[in-house]
Amino acid sequence: MKVKKLLYLSMIVSIGIALHIIESSIPMPFIAPGAKLGLANIVNLITLVVFGYKHAFAVAVIRCLVATLGTGAVTGLLYSLSGALLSTLVMWLVYRNFSRYFSLIGVSVFGALAHNIAQLTVASMMIHNALIFTYLPVMMLVSLFTGYFVGLTSNYATVHLKTILSRSNSSSKFIM
């Protein structure tokens, strides 16, 4: 892996960790308990679009592991890792197969929906009760708004990051 690419991916992981920690400290006075904006998923979507799915999965895993160490919420690792991996997988599939129909906002909404399904599945297994899925419609509604925000932010950041990368490639000897 080229040094520049590794540097950019390291910065993306760092931003994701910071967003994860910041978001975990924000109290959400919300109708849906446990609902969050999903700010850290911005880095997964950006990595998916700019660097590809393999790097997106690596960023998701590293971000979840290190952020868990930063927040101290070890039980949260199961929730965040399952959500990050399933949402990255779904976003990759939608982006790869349906990007002519869905913008990054649509891709992000699918990822947000998958994230909530994964987290409710983990919660159901932890408490040994499938009735928690009655909470799914509320979480799906929240996913529409959070996915829109994450997709909008990712779209903006992706355009600018691609511009920066293309400038740095043309102005230096190093090619990614």
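Preceding block: the structure.
Worth saying up front: this structure is predicted, and the values here are computed from it rather than measured.

1. Considerations on the layout of surface pockets
Gaps left between atoms are located by rolling a probe of water-molecule size over the structure's atoms. There is about 180 Å³ of room inside the second largest pocket. What lines the second largest pocket is simply Tyr8, Met11, Ile12, Ile15, Leu19, Ile42, Val43, Ile46, Ala157 and Leu161. Of all the secondary-structure elements, those providing two or more residues to the lining of the second largest pocket are helix H1 (3-25), helix H2 (41-51) and helix H6 (136-171). Sort the elements by how many residues they give to the lining of the second largest pocket and H1 lands first, with five residues.

2. So, the packing of helix H4 (residues 75-98) against helix H5 (residues 104-127)
Geometrically, a packed helix pair is captured by the angle between its two axes and the distance between the axes. Taken N-terminus to C-terminus, the directions of H4 and H5 make an angle of 145°; their axes are 7 Å apart at the nearest point. When you trace H4 past H5, the crossing you get is right-handed. For the pair formed by H4 and H5, the contact residues are Leu78, Tyr79, Ser80, Ser82, Gly83, Ala84, Leu86, Ser87, Val90, Met91, Val94 and Tyr95 on the first element and Leu104, Val107, Ser108, Phe110, Gly111, Ala114, His115, Ala118, Gln119, Val122, Ala123 and Met126 on the second. Residues belonging to the contact of H4 with H5 are distributed by class as follows: 16 nonpolar, eight polar and no charged.

3. As for the side chain of Thr158
By the secondary structure assignment, Thr158 is in helix H6. In this structure Thr158 comes out as buried when scored by relative accessible area, which is 4%. Sequence-distant contacts of Thr158, defined by excluding residues within four places in its chain, comprise Ile46, Val49, Val50 and Leu104.

4. Here's the deal with the nonpolar core
If you look at the biggest cluster of nonpolar residues, it comprises 16 residues, and the most contacted ones within it are Ile12, Val50, Phe51, Val59, Leu161 and Leu165. Once residues within four sequence positions are removed from consideration, Val50 is found in contact with Thr158, Leu161, Lys162 and Leu165. Judged by nonpolar contacts, the second largest core, of nine residues, contains Val49, Met91, Trp92 and Leu104.

5. So, the environment of Val90
The topology assignment puts Val90 in helix H4. The spacing of Val90 and Val142 is 52 residues in sequence and 18 Å in space, taken between C-alpha atoms. Those residues in contact with Val90, other than ones at most four positions away along the chain, are Phe110, Gly111 and Ala114.

6. Quick look at the packing of H2 against helix H3 (residues 53-71)
Put simply, H2 and H3 touch, their axes get as near as 7 Å, and they point 155° apart. Judged by the angle between their axes, H2 and H3 are roughly antiparallel. When you trace H2 past H3, the crossing you get is right-handed. Residues Asn41, Val43, Asn44, Thr47, Leu48 and Phe51 of H2 form the contact with H3, whose participating residues are Tyr53, His55, Ala56, Val59, Ala60 and Arg63.

How each quantity is defined
Residues numbered from 1 in each chain as written. Predicted model: local features only at pLDDT ≥ 70, side-chain atom pairs only at ≥ 80, totals over all residues. Heavy atoms only, no water. 1 Å grid on protein atoms, 1.4 Å probe; cavity = no way out; pocket = protein on both sides within 12 Å on 5 of 7 lines; lining within 4 Å. Points joined across faces, edges and corners; volume = space filled by probe spheres on them. Helix = DSSP H or I, 4+ residues; strand = E, 2+ residues; numbered from the N terminus. Axes fitted to C-alpha atoms, helices over the stretch in contact; angles between N-to-C directions. Left-handed = near helix turned anticlockwise from the far one by under 90°. Contact = heavy atoms within 4.5 Å. Nonpolar A, V, L, I, M, F, W, Y, C, P; charged D, E, K, R; others polar. Buried < 20%, exposed > 50% of the residue type's maximum accessible area, 1.4 Å probe, protein only. Core = buried A, V, L, I, M, F, W, Y, C linked by side-chain atoms within 4.5 Å. Parallel < 35°, antiparallel > 145°, perpendicular 65-115°, else oblique.

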